[in-house]
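# Descriptive structure summary
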Amino acid sequence: MRSISILGATGSVGDSTLKLLRQHRDAWRVEALTAQCSATKLAQLAREFDARIAVVGDESCLPELREALAGTGIEAAGGRAALIEAARRPVDITLAAIVGCAGLAPVMAAIEQGGTIALANKEALVSAGEVMMQAVERHGATLLPVDSEHNAIFQSLAGSDIADVRMITLTASGGPLRLLSAEELQRVTPDQAVAHPNWDMGAKISVDSATMFNKGLELIEAYHLFPVGLDRIRILVHPQSVIHSMVEYRDHSTIAQLGPSDMIVPIASCLAWPRRMEAPCEPLDLAAIGELSFFAPDEERFPATRLARAACEEGGATPAVLNAANEIAVAAFLAGQIPFTRIAALVEDVLERSNRPQALASLEDVLTVDSSARRQAQAILENA
Ligand code: NDP
Ligand code: MG
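Residues numbered from 1 in each chain as written. Chains lettered and ligands numbered in written order. Predicted model: local features only at pLDDT ≥ 70, side-chain atom pairs only at ≥ 80, totals over all residues. Heavy atoms only, no water.

### Comments concerning the state of the cysteines
Keep this limit in mind: Disulfide: a pair of cysteine sulfur atoms within 2.5 Å of each other.
Scanning all chains against the criterion turns up 1 disulfide. The closest cysteine sulfur to the non-disulfide-bonded cysteine 270 is located on cysteine 281, 14 Å from its own sulfur.

### Some details on the nonpolar core
This is how the line gets drawn: We call a set of buried Ala, Val, Leu, Ile, Met, Phe, Trp, Tyr and Cys residues a nonpolar core when their side-chain atoms join them within 4.5 Å. Relative accessibility decides the category of a residue: with a 1.4 Å probe and only protein chains considered, values under 20% of the type maximum give buried, values over 50% give exposed, and everything between is partly exposed. Helix and strand definitions follow DSSP, with helices as H or I runs of at least four residues and strands as E runs of at least two, each counted in order from the N terminus. Contact criterion: two residues are considered in contact whenever any of their non-hydrogen atoms come within 4.5 Å of each other.
Ranked by internal contacts, the top residues of the largest apolar core, which has 92 residues, are Leu104, Ile111, Met132, Leu322, Phe340 and Ile343. Of all the elements, helix α15 (residues 318–334) adds the most residues to this core, at 10 residues. Sequence-distant contacts of isoleucine 343, that is, excluding residues within four places in its chain, are made with Val207, Thr211, Phe213, Asn326, Ala329, Val330, Phe333 and Ile338. Judged by nonpolar contacts, the second largest core, of 41 residues, contains Ala9, Val30, Ala46 and Val56.

### Remarks on the packing of aromatic side chains
Convention followed: Think of it this way: a Phe, Tyr or Trp ring, Trp meaning its six-membered ring, pairs with another when their centres are within 6.5 Å, and the plane angle makes it stacked under 30 degrees, edge-to-face over 60, tilted otherwise.
For the structure shown, the criterion picks out 2 aromatic pairs. Note on phenylalanine 154 and tryptophan 273: the rings are 6.0 Å apart at their centroids and 55° apart in plane angle, and the pair reads as tilted. Linking phenylalanine 154 in helix α7 (residues 148–157) with tryptophan 273 in the loop between α12 (264–272) and α13 (286–289), this pair joins segments that are 119 residues apart in sequence. Aromatic pair phenylalanine 333 and phenylalanine 340: ring centres 5.6 Å apart, planes at 70°, arrangement edge-to-face. In terms of burial, phenylalanine 333 and phenylalanine 340 fall into one category: buried.

### A few points about the coordination of the magnesium ion (ligand 2)
Put simply, the rule is: Donor atoms: N, O and S within 2.8 Å of the metal, or within 3.2 Å for Na, K and Ca. Because water is excluded, sites can look incomplete.
Taken together, the protein donors to the magnesium ion (ligand 2) comprise Asp147 (OD), Glu149 (OE) and Glu218 (OE), at separations of 2.0 to 2.2 Å. Mapped onto the sequence, the residues coordinating the magnesium ion (ligand 2) show the spacing D-x1-E-x68-E. In this structure aspartate 147 comes out as buried when scored by relative accessible area, which is 6%. For glutamate 149, a relative accessible area of 8% translates into the label buried.

### Digging into the site of ligand 1
We count it as follows: Residue proximity to a molecule or strand is established when one non-hydrogen atom of the residue lies within 4 Å of it. Pairs of N or O atoms are called polar contacts if they sit within 3.5 Å, as long as, within protein, a hydrogen donor faces a hydrogen acceptor (for residues adjacent in sequence, only side-chain-to-side-chain pairs). All accessible-area figures derive from a Shrake-Rupley calculation using a 1.4 Å probe, and residue coverage is judged against the displayed protein chains alone. Charged residues are taken to be Asp, Glu, Lys and Arg, nonpolar residues to be Ala, Val, Leu, Ile, Met, Phe, Trp, Tyr, Cys and Pro, and polar residues to be all remaining types, Gly included. Either an automatic procedure or a domain database provided the assignment from which the domain bounds are taken.
Around ligand 1 there are 25 residues in total, and Thr10, Ser12, Cys37, Ser38 and Glu123 lie nearest to it. Valine 13 places a main-chain nitrogen or oxygen 2.9 Å from an oxygen atom of ligand 1. Here an oxygen atom of ligand 1 and a backbone polar atom of alanine 120 are 3.4 Å apart. Protein contact buries 85% of the 890 Å² of open area that ligand 1 shows by itself. Of all the secondary-structure elements, those providing two or more residues to the shell around ligand 1 are α1 (12–23), α4 (80–88) and α6 (122–139). In terms of residue class, the shell around ligand 1 is built from 13 nonpolar, 8 polar and 4 charged. Mapped onto the domain boundaries, the shell around ligand 1 takes at least three residues apiece from domain 1 (2–145) and domain 2 (149–261 + 287–298).

### Looking at the environment of leucine 7
Positionally, leucine 7 belongs in strand β1 (residues 2–7). For leucine 7, a relative accessible area of 0% translates into the label buried. Excluding its chain neighbours within four sequence positions, the residues that come into contact with leucine 7 are Thr34, Ala87, Thr94, Leu95, Ala96, Ala97, Ile98 and Pro106.

### Points about the packing of helix α10 (residues 203–211) against helix α11 (residues 213–225)
Inclusion rule: To get an axis, fit a line to the C-alpha atoms, keeping to the stretch in contact for a helix; angles then go from 0 to 180 degrees between the N-to-C directions. Any angle from 65 to 115 degrees is called roughly perpendicular, while one under 35 is roughly parallel, one over 145 is roughly antiparallel, and all others are oblique.
At a minimum axis distance of 5 Å, the contact between α10 and α11 shows a crossing angle of 95°. Taken as axis vectors, α10 and α11 run roughly perpendicular relative to one another. Touching Lys204, Ile205, Asp208, Ser209 and Thr211 of α10 are Phe213, Asn214 and Leu217, all from α11. Considered class by class, the residues forming the contact of α10 with α11 number 3 nonpolar, 3 polar and 2 charged.

### Notes on the pairing of strand β3 (residues 53–56)
Side chains on a regular strand alternate between the two faces of the sheet. Defined as follows: Pairing between two strands is assigned when DSSP locates at least 2 bridges connecting them. When the strands point away from the viewer and the connection leading from the first strand across the helix to the second strand turns clockwise, the crossover is called right-handed.
Every second residue of β3 is oriented toward a common face, with Ile53 and Val55 on one face and Ala54 and Val56 on the other, all of them buried. In this sheet, β3 lies alongside strand β2 (residues 28–35) in parallel orientation, the contact comprising 4 bridges. Across the sheet, alanine 32 pairs through a bridge with isoleucine 53, a residue of β3. Considered for its hand, the β-α-β crossover made up of β2, helix α2 (residues 39–48) and β3 is right-handed. Relative to strand β4 (residues 75–78), β3 runs parallel, the two sharing 4 bridges. Note that in β4 the partner of valine 56 across the bridge is glycine 78. Note on the crossover from β3 through helix α3 (residues 62–69) to β4: the handedness is right-handed.

Written out as structure tokens, the structure reads:
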């Protein structure tokens, strides 16, 4: 039996992970399940999977969790410190699926235990970059990418020497707004933006897919996970989301990973790694899909990938600032406070105005930059 903790168990990636565990109940023991405030759902899951501990990040939601777990013997805890403590419990694998930089401290706590971390929480790696990768190295942890593109790259690199890579191609569906004009993009509503054609995901990443910030964050994520240099990572729009990414080698052989657009597949690949496990989803039916198409990204209508590439080139604190500003912008868009096209504009504003350190040396440094960029983004919004 292997043990697992799921940080962000009540979200979309959490759901897919638990669906997979349901099919393999005898093989897994659940240690910790966490949420922010979905206490009732968290308690249900903790009961179903007989977790040792359930934690809500928001302490005000703890009484509800306690009540829902009364008499079960499952420990209930709440607050940021409790979340980080839970992430520190030794397990065979930690599924990091909290959304946003809020997941960074718990991920770092898991890394410090030297275990295996299946990372979905890309914002954590984008913000902390070298700080996280150095911690992985120092503590002998293993980082497995859950993000479908990075999981595809990881699979396409198996058995090869990274020095032989000529180009990594990150594929992008282009999101639900790919074909809209610049004019039409200004009037996009939150409902339109979250209606992704291929993937069923949480609200934040759905908006990121619509703006292409998701691909921008993924570019930075790939830069840290696969050290080939930024100029060897490119983005290609592939609306069918069948090829999840590819690696071209020096002899011009390209190895790609294909699969259904279901997060169960990359999650299964991480949980079973280096072996394979059954995944409860429909297999890929290429005859039914018929055609695969590819387009260069349009960075005029969707400036996010350009901003992210520049932030990655600049390095230091800049990716953390980009991420924090984007988190604030997405929340403001979802709350109906700003138009869709203002998301990238706000990120660009914050990048232009912020004073940021050249380098980040610790988790504390990253969190300081993250909160100051959030404050700055908020201030720009309030003074607009
Ligand atoms: P969801 O919004 O569906 O779920 C987020 C989870 O994190 C929930 O359990 C939520 O708890 C918890 N959470 C939210 N805010 C906080 C906080 N401040 N502190 C602690 N926990 C918090 O997100 P997704 O599952 O879609 O995405 C999770 C991560 O995985 C993101 O980084 C995303 O980019 C990445 N990812 C997602 C994919 C997908 O298909 N969904 C694909 C590839 C990557 P609560 O329910 O209480 O709010
Ligand atoms: Mg992805």
